[in-house]
Amino acid sequence: MSFISNLFASSDNPDSLGARLRNKRQKEFEALFYARFKKTDPIKILDVGGTDYFWKNSSLPKNPNIEITLLNLSKEEVNNPRIRSVVGDATNMPEFSDNSFDLVFSNSVIEHLYTWENQMKMAKEIQRVGKSFFVQTPNKYFPIEAHYAIPFAQYMPKSLMLTVLTKTRLSRLNKWDKAEAKQYLDEILLIDKAGMKKLFPGASIYEERMMGMVKSFSAHNLI
């Protein structure tokens, strides 16, 4: 794959720039994780909106004392015996009691909830069911919008973005399906640092940087 293709490819592609940045962020998370938890402790993790694939390069599923539960609107395929998948709603988790998990983890999910009200609900539920948390989201003001890989797409009218996504190959060198493009344009509500602080009061904010600029924020209470 060429440099240009790697630059614009989805982070699901292991050769993409997004995947390399995610792996770096994952290492930062694991350093914080093992500073908080002992490797011999039995640890229950809830990954809100997560996938089995995300944990492929992580050391955590290799630890026999760690159990990871994926929570999504539909069942996820799972290939690791220490990862299980359940169906649920990130904004309302009555199936879990308070402090059910040692850690609640979420990567690039909270910006997909349509409204600030839903984002507040998800943040509240994460802090209720988890003793600790690590929640990542792209920076609203990073010049290249994370979902479309188009500069300043977050400032464009939705009607214009729909045309750009479906009629051109400016987004990751591909044309989007119209229904999928509409779905993304409706559901994505990017968050800035102040917003993350409001959602997770008292949390530390880890800033992931690219070219000297903040690409994403991760709110956590691991230190």
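The rules behind each value
Residues numbered from 1 in each chain as written. Predicted model: local features only at pLDDT ≥ 70, side-chain atom pairs only at ≥ 80, totals over all residues. Heavy atoms only, no water. Patch = residues over 30% accessible without salt bridge, like charges linked within 9 Å, V, L, I, M, F, W, Y side chains within 5 Å. Areas by Shrake-Rupley, 256 points an atom, 1.4 Å probe, with all protein chains shown as cover. Salt bridge = Lys/Arg side-chain N within 4 Å of Asp/Glu carboxyl O. Helix = DSSP H or I, 4+ residues; strand = E, 2+ residues; numbered from the N terminus. Expected span 1.5 Å × (residues − 1). Contact = heavy atoms within 4.5 Å. Buried < 20%, exposed > 50% of the residue type's maximum accessible area, 1.4 Å probe, protein only. Axes fitted to C-alpha atoms, helices over the stretch in contact; angles between N-to-C directions. Left-handed = near helix turned anticlockwise from the far one by under 90°. Nonpolar A, V, L, I, M, F, W, Y, C, P; charged D, E, K, R; others polar. Polar contact = N/O pair within 3.5 Å; in protein donor to acceptor, adjacent residues only side chain to side chain. pLDDT = per-residue confidence, 0-100. Core = buried A, V, L, I, M, F, W, Y, C linked by side-chain atoms within 4.5 Å.

### Side note on a nonpolar patch on the surface
- Side chains of W116, M120 and L189 sit close together on the surface and give an oily, nonpolar patch of about 250 Å² of accessible area.
- Examined against the element boundaries, W116 turns out to sit in helix α3 (residues 116-129).

### With respect to α3
- With 14 residues, α3 should reach 20 Å at 1.5 Å per residue; the first-to-last C-alpha distance of 20 Å fits that figure.
- At its buried positions, α3 is contacted by β1 (43-48), β4 (103-107), β5 (133-138) and α6 (193-199).

### A closer look at the environment of I205
- Position of I205 relative to the elements: it lies in strand β8 (residues 204-210).
- Between the alpha carbons of I205 and R82 there is a distance of 29 Å; along the sequence they are 123 residues apart.
- Other than its neighbours up to four places away in sequence, I205 contacts K193, M196, K197, F217, S218 and A219.

### Re the environment of K124
- Structurally, K124 can be placed in helix α3.
- With relative accessibility at 62%, the residue K124 sits in the exposed group.
- A sequence separation of 61 residues divides K124 from L185, and the C-alpha atoms of the two residues are 25 Å apart.

### Observations concerning unusual backbone geometry
- Positive phi outside glycine occurs at Y114, with the angle close to 75°.
- With respect to the element layout, Y114 can be found in the loop between β4 and α3.
- Not every positive phi belongs to a glycine, and M211 is a case in point at roughly 55°.
- By secondary structure assignment, the location of M211 is in the loop between β8 and β9 (213-220).

### Here we look at the packing of helix α4 (residues 158-167) against helix α5 (residues 178-187)
- In contact at an axis separation of 10 Å, α4 and α5 are set at 145° when each is read in the N-to-C sense. Where α4 crosses over α5, the handedness of that crossing is right-handed. In contact with K158, M161, L162, L165 and T166 of α4, α5 contributes K178, A181, K182, L185 and D186.
- The residue inventory of the contact of α4 with α5, partitioned by class, reads five nonpolar, one polar and four charged.

### Side note on the environment of K27
- Looking at the secondary structure, you find K27 in helix α2 (residues 17-36).
- By relative accessible area, K27 is classed as exposed at 64%.
- K27 sits 128 residues away from Y155 along the chain, and the two C-alpha atoms are 32 Å apart.

### Re the side chain of S216
- With respect to the secondary-structure elements, S216 resides in strand β9.
- S216 gets classed as buried once you look at its relative accessible area, which sits at 1%.
- Looking at S216, its side chain comes within polar contact range of the side chain of Q136, at 3.3 Å.
- One polar contact links S216 to E208, side chain to side chain, over a distance of 2.5 Å.
- Dropping the residues within four chain positions of it, S216 is found in contact with R25, Q136, T137, P138, N139, Y206, E207 and E208.

### Brief notes about the confidence of the model for the protein
- For the protein, per-residue confidence averages 92 on the pLDDT scale, and 92% of positions sit at 70 or higher.
- For residues 1-8, every residue scores under 50 in pLDDT, and the model assigns this stretch 12 contacts once sequence neighbours within four places are set aside.

### Concerning the nonpolar core
- Judged by nonpolar contacts, the single largest core of 27 residues is most densely connected at L46, I110, M196 and F200.
- Listed by contribution, the elements that provide at least two residues to this core are β1, α3, β5, α6 and β9.
- Here the element with the most residues in this core is α3; it accounts for four residues.
- Discounting residues that sit within four places of it in the chain, F200 has contacts with I110, A123, I126, Q127, F133, V135 and A219.
- Counting 17 residues, the second largest nonpolar core, distinct from the first, contains F33, I45, L60 and F105.

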